[in-house]
Structures are given as C-alpha cells and as structure tokens.
Amino acid sequence: MEQPDTQKQIKNTLIKLELADITTLSFDAVVNAANSSLMGGAGVDGAIHYTGGPEILKECKQIIKKIGTLESGKAVITTGGNLPARYVIHTVGPIWDGGTHREAELLTSAYRESLALADSKGLVSIAFPSISTGVFSYPIFEASEIALTAIRDYILNNPTKITLVLFALFSHLDMGAYRRAMGKV
Ligand code: ADP
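Since the structure is predicted, the reported quantities are computational estimates derived from the model, not experimental observations. (Residues numbered from 1 in each chain as written. Predicted model: local features only at pLDDT ≥ 70, side-chain atom pairs only at ≥ 80, totals over all residues. Heavy atoms only, no water.)

**A word on the pattern of salt bridges**
Counted under the stated rule, the structure contains seven salt bridges. Between R102 and E105 there is a salt bridge, with the nearest N and O atoms lying 3.1 Å from each other. One salt bridge in this structure joins D153 and R152, with 3.0 Å as the shortest N-O distance. Residue classification places D153 among the partly exposed positions, given a relative accessible area of 30%. With a relative accessible area of 26%, R152 lands in the partly exposed category. Connected via shared salt-bridge partners are E145, R180 and K184. (Salt bridge = Lys/Arg side-chain N within 4 Å of Asp/Glu carboxyl O. Buried < 20%, exposed > 50% of the residue type's maximum accessible area, 1.4 Å probe, protein only.)

**Some details on the side chain of D119**
Mapped onto the elements of the fold, D119 is located in helix α3 (residues 103-120). Once residues within four sequence positions are removed from consideration, D119 is found in contact with Y154, T160, K161 and I162. (Helix = DSSP H or I, 4+ residues; strand = E, 2+ residues; numbered from the N terminus. Contact = heavy atoms within 4.5 Å.)

**Quick word on the site of the ligand**
Inspection of the region around the ligand gives 16 residues, with D21, V44, S132, G134 and V135 positioned closest. Within the backbone of I22, a nitrogen or oxygen atom sits 3.0 Å from a nitrogen atom of the ligand. Take V135: an N or O atom from its main chain is 2.8 Å from an oxygen atom of the ligand. Relative to its unbound accessible surface of 560 Å², the ligand loses 89% to contact with the protein. Top element by residues in the shell around the ligand is helix α1 (residues 43-52). It accounts for three residues. Of the residues that constitute the shell around the ligand, the class distribution is nine nonpolar, five polar and two charged. (Near = heavy atom within 4 Å. Polar contact = N/O pair within 3.5 Å; in protein donor to acceptor, adjacent residues only side chain to side chain. Areas by Shrake-Rupley, 256 points an atom, 1.4 Å probe, with all protein chains shown as cover. Nonpolar A, V, L, I, M, F, W, Y, C, P; charged D, E, K, R; others polar.)

**A few points about the packing of α3 against helix α4 (residues 140-157)**
Two elements in contact, α3 and α4, have axes separated by 9 Å at closest approach and are oriented at 40°. The angle between the axes of α3 and α4 places the two elements in the oblique class. Crossing of α3 against α4: the hand is right-handed. Contacts from A104, L107, T108, Y111, R112, L115, A116 and D119 in α3 reach A143, I146, A147, A150, I151 and Y154 in α4. Residue classes in the contact of α3 with α4 are distributed as 11 nonpolar, one polar and two charged. (Axes fitted to C-alpha atoms, helices over the stretch in contact; angles between N-to-C directions. Parallel < 35°, antiparallel > 145°, perpendicular 65-115°, else oblique. Left-handed = near helix turned anticlockwise from the far one by under 90°.)

**Focus: unusual backbone geometry**
One non-glycine residue, K11, adopts positive backbone phi at about 50°. Its place among the elements puts K11 in the loop between β1 (7-10) and β2 (13-19). You will see that R102, though not glycine, has its phi angle at about 65°, which is positive. As for its position among the elements, R102 is in the loop between β5 (87-91) and α3.

Next up, the structure:
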C-alpha cells in the first residue's frame, strides 16, 4: 500500500510532518504542551524550559499572576528565550480520561487557540509537538486525527497568514500515526 504523504498544502498553508526536537527549530513560534500551572514539567515542556532558559519561566510566572491558571484548551505566548524560535506558545491539552470528558473538544481547542494566537501576532511559521499524547496519555491515533483536522479546519475557516505548520514528532511511532492521519484528513 502507498504511504500517505508527510506534507499537504491547504490554501496558502503547508502542513508538514518531521521527526524533530522542537527545541532546535528556527520558527516564528514553537508550541509547548504545557500544564495549567505553566511552571514547567516533564516531556516537551521540560525540554523547552531547559533549552530556552529562565526568561520563559519568568514570563510564565507573570502570566499566571494575572490569570491564576491556564485552562485546558487555552493558549498564551512568551518570548522564545534562548531557543532559536522567536516565541513560545504555551497551550494545555486535555488529560486523557476515557474519552468522555470533552477530551476531543479540548484538544481541538488547544490547536485552534495556538494558531489564532500566532495569527494575532502576525507570525507565519509555527511548530507543534503532539499535544497530550505523552504524559497526558491521549491515544495517538485519535489525537493525530484530531490535531490534523483542527489545523485543516482553522485554515479553511480563517484568513490566516500562517504559511507553514510543522509537526515536530519525537518517535517513529508518532510519525506513523500522523502519516496515517494525514491520509485520512
Ligand atoms: P503532554 O503532557 O501534553 O502529553 P508530553 O511532553 O508528555 O506532553 O508529550 C507530548 C509529545 O511530545 C510526546 O509525543 C513526546 O514524546 C513529545 N516530545 C517530548 N520532547 C520533545 C521535544 N523536545 N520535541 C518534540 N516533541 C517532544
């Protein structure tokens, strides 16, 4: 059987899948799969704060002072600190709890809100990790379809200036799931 592509053009936006460490990417924005406290954590969150340095955490603390906690499905933006990316968009995906606790809706929202925030800043390139599929345990096949559907729908329904959306995938297993989803969406 033919392998689905690792990229797809929708209107003026290219969606691309790559095996990559998101902390190495020179994008306008990289997205952090954060938790509601914005105080850092494991996985991609830890890697972004470790490589990005203390400036990112300082801004996260200022944001938390104002808003208390970042709800699941929402997104905020900070500097990229020492990362090659200009900005970090911090979003919180849902913690998987069987699938009947609005997980799909919240995961869709995390992608959509991140894209809307990038657009509001006039950014044109954005890289996502696979939100919620690590510590938050969202099943990868479902999550990858939701991720690509959310991005497609955002591009189709909004006059976006974003020309490149990259998925920085961290394992061959994740790549396989996203390629499969690319063929379906
Ligand atoms: P969540 O808490 O939202 O599940 P995790 O960070 O635990 O977030 O996992 C999300 C995904 O990010 C996982 O697939 C994990 O393997 C991946 N990941 C971890 N570090 C990196 C990195 N440096 N670059 C890109 N992806 C990463």
